[in-house]
Amino acid sequence: MSGTEHLTVQREGATLVLTLNRPQAKNALSLPMLVGLYDGWIEADGDDRVRSIVLTGAGGSFCAGMDLKALAGRGMEGQRYRDRLTADPDLHWKAMLRHYRPRKPVVAAVEGPCVAGGTEILQGTDIRVAGESATFGLFEVRRGLFPIGGSTVRLPRQIPRTHALEMLLTGRPYSASEAAAIGLVGHVVPDGSALETALEIAERINACGPLAVEAVKASVYEAAELTETEGLAAELKRGWPVFDTEDAKEGARAFTEKRPPVYRRA
């Protein structure tokens, strides 16, 4: 499995768990972390044994945004990460899910601060769980900066525009309960249990037909950029082939035989 000194990768059954691992810096983004994230997304999508991804942070934090000093990547160790970025200048945007959308569902497990770049990465995830003391926000305008990780485009599509504009234009922090009230996260759980809940959700996803799951996710995101008529037509193109798969037949057999289905991505 991939990973770097600032990002750990481990398997939990059919779930690939990516953990931002710079707790002393509240998991602020560094070059090794960005490279590790990108490699993790690619690894998950390329491995048929992986059916879901969980993204979390170590040490009671999710991500406090960019670490400009760490992104400088000084020293020989940092050079190999700079070389990766030179080879693919888009790599950091793919790592932050701005220019890359994994085929597999991504569940975020948030504890502590999830601000600036952390909130921007969050918008690239599919299902979001937050500990009750988690905090969110896009602080860039307070520093005279622009949230260029995609927030001015994605946030108004994910939550009501009035809430998106308030978050973007005031740069104020939001509590987990506020984030849930405006639809930025779907679950608020006791502190320390976000990862457990995220893994439970991932396990329920893993029990479903993987071809169906991936087609449903793709259809939802595709339809968001289409008119309703176009979206319905696109849904048929994605949906009908699923019914012809061996997995669809297995699902019907398992239901009839009152047993768990065994899906084979066929």
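Further up the page is the structure itself.
Caption draft 1: Quick peek at the overall build of the protein chain. Secondary structure summary: the protein chain contains 12 helices and nine strands in total. Compactness check: the protein chain gives a C-alpha radius of gyration of 19 Å against a globular reference of 18 Å for 266 residues, within 12% of the reference. Dimensions along the principal axes, computed over C-alpha positions, put the protein chain at roughly 60 × 45 × 35 Å. Excluding contacts between residues fewer than 6 apart, the proportion of contacts in the protein chain whose partners are at least 24 apart in sequence is 67%. Taken as a whole, the protein chain presents about 13,100 Å² of accessible surface, with 57% of it coming from carbon and sulfur. The distance from the centre of the 32 positive side-chain charges to the centre of the 34 negative ones in the protein chain is 2 Å.

Caption draft 2: Highlighting helix α7 (residues 161-170). When α7 is considered as a whole, its buried residues turn out to be Ala-164, Met-167 and Leu-168. Buried residues along α7 cover an arc of 95° about the axis, so they all sit on one side. The exposed set on the far side of α7, more than 90 degrees from its buried face, consists of Thr-162 and Leu-169. Buried-residue contacts for α7 involve α6 (151-158) and β8 (174-175). One or two steps after α7, the chain reaches Gly-171, where phi turns positive at roughly 65°.

Caption draft 3: How the structure looks around the packing of aromatic side chains. Inspection of every chain in the model, using the stated rule, returns one aromatic pair. Plain terms: the ring middles of Trp-240 and Phe-243 are 5.4 Å apart, the flat faces sit at 50° to each other, and that makes the pair tilted. One end of the pair is Trp-240 and the other is Phe-243, both in helix α11 (residues 228-243) and three residues apart, which spans about a single turn. Its guanidinium or amino end placed over the ring of Trp-93, Arg-98 lies 4.9 Å from that ring's centre, counting from NZ or CZ. Over the aromatic face of Phe-139 sits the side chain of Arg-142, whose NZ or CZ is 4.8 Å from the ring centroid.

Caption draft 4: Summary view of the pattern of salt bridges. Summed over all chains, the structure comprises 16 salt bridges. The network of salt bridges with common partners includes Asp-48, Arg-103, Glu-214 and Arg-265.

Caption draft 5: Quick look at the sheet that holds strand β7 (residues 135-137). One open sheet accounts for three strands, arranged β5-β7-β8; its pairing is mixed. Two strands lie at the open edges of the sheet, namely β5 (113-115) and β8, each paired on one side alone. Taken together, the three bridges between β5 and β7 define a ladder with parallel strand orientation. Bridge assignment links Cys-114 to a residue of β7, and that residue is Phe-136.

Caption draft 6: Spatial organisation of the sheet that holds strand β1 (residues 7-12). On the basis of which strands lie adjacent, the open sheet formed by six strands has the order β1-β2-β3-β4-β6-β9 and mixed pairing. Across the chains shown, the open sheet's two edge strands, defined by having one partner strand only, are β1 and β9 (187-189). Within this sheet the neighbouring strands show an average axis-to-axis angle of 20°, counted without direction. Taken together, the three bridges between strand β6 (residues 127-131) and β9 define a ladder with parallel strand orientation. Residue pairing for β9: Val-129 is matched across the bridge by His-187.

Caption draft 7: Region of interest: the environment of Glu-111. Within the element layout of this structure, Glu-111 appears in the loop between β4 (106-110) and β5. For Glu-111, the contacting residues outside a window of four places in its chain are Gly-60, Ser-61, Phe-62, Gly-131, Ala-134, Pro-190, Asp-191, Gly-192, Ser-193 and Ala-194. Separated by 3.2 Å, the side chain of Glu-111 and the backbone nitrogen of Ser-193 make a polar contact. A polar atom in the side chain of Glu-111 sits 3.0 Å from the backbone nitrogen of Ala-194.

Caption draft 8: Focus on the nonpolar core. In terms of nonpolar packing, the biggest core is built from 46 residues, with Leu-18, Leu-37, Leu-55, Val-110, Phe-136 and Leu-184 touching the most fellow members. Residue contacts for Leu-37: discarding those within four places in its chain leaves Leu-7, Leu-18, Leu-20, Leu-29, Leu-55, Ala-95 and Ile-121. Of all hydrophobic cores here, the second largest spans 12 residues; its members include Val-17, Val-129, Ala-194 and Ile-205.

Caption draft 9: Broad picture of the packing of helix α10 (residues 210-223) against α11. Where α10 contacts α11, the axes come no closer than 10 Å and their chain directions differ by 170°. Judged on the interaxial angle alone, α11 and α10 are roughly antiparallel. In this structure, α10 contributes Leu-211, Ala-212, Ala-215, Ala-218, Ser-219, Glu-222 and Ala-223 to the contact, and α11 contributes Gly-231, Ala-234, Glu-235, Arg-238 and Val-242.

Caption draft 10: View of the environment of Asp-48. Note on placement: Asp-48 falls in the loop between α1 (31-46) and β3 (52-57). The exposure class of Asp-48 is partly exposed, given its relative accessible area of 46%.

The rules we used
- Residues numbered from 1 in each chain as written.
- Predicted model: local features only at pLDDT ≥ 70, side-chain atom pairs only at ≥ 80, totals over all residues.
- Heavy atoms only, no water.
- Helix = DSSP H or I, 4+ residues; strand = E, 2+ residues; numbered from the N terminus.
- Rg over C-alpha atoms; globule rule 2.2 N^0.38 Å.
- Contact = heavy atoms within 4.5 Å.
- Areas by Shrake-Rupley, 256 points an atom, 1.4 Å probe, with all protein chains shown as cover.
- Lys, Arg positive; Asp, Glu negative; His and termini not counted.
- Charge placed at Lys NZ, Arg CZ, Asp CG, Glu CD.
- Buried < 20%, exposed > 50% of the residue type's maximum accessible area, 1.4 Å probe, protein only.
- Arc of directions from axis to C-beta.
- Phe/Tyr/Trp six-rings, centres within 6.5 Å; stacked < 30°, edge-to-face > 60°.
- Lys NZ or Arg CZ within 6 Å of the ring centre and 35° of its normal.
- Salt bridge = Lys/Arg side-chain N within 4 Å of Asp/Glu carboxyl O.
- Pairing = 2+ DSSP bridges.
- Axes fitted to C-alpha atoms, helices over the stretch in contact; angles between N-to-C directions.
- Polar contact = N/O pair within 3.5 Å; in protein donor to acceptor, adjacent residues only side chain to side chain.
- Core = buried A, V, L, I, M, F, W, Y, C linked by side-chain atoms within 4.5 Å.
- Parallel < 35°, antiparallel > 145°, perpendicular 65-115°, else oblique.

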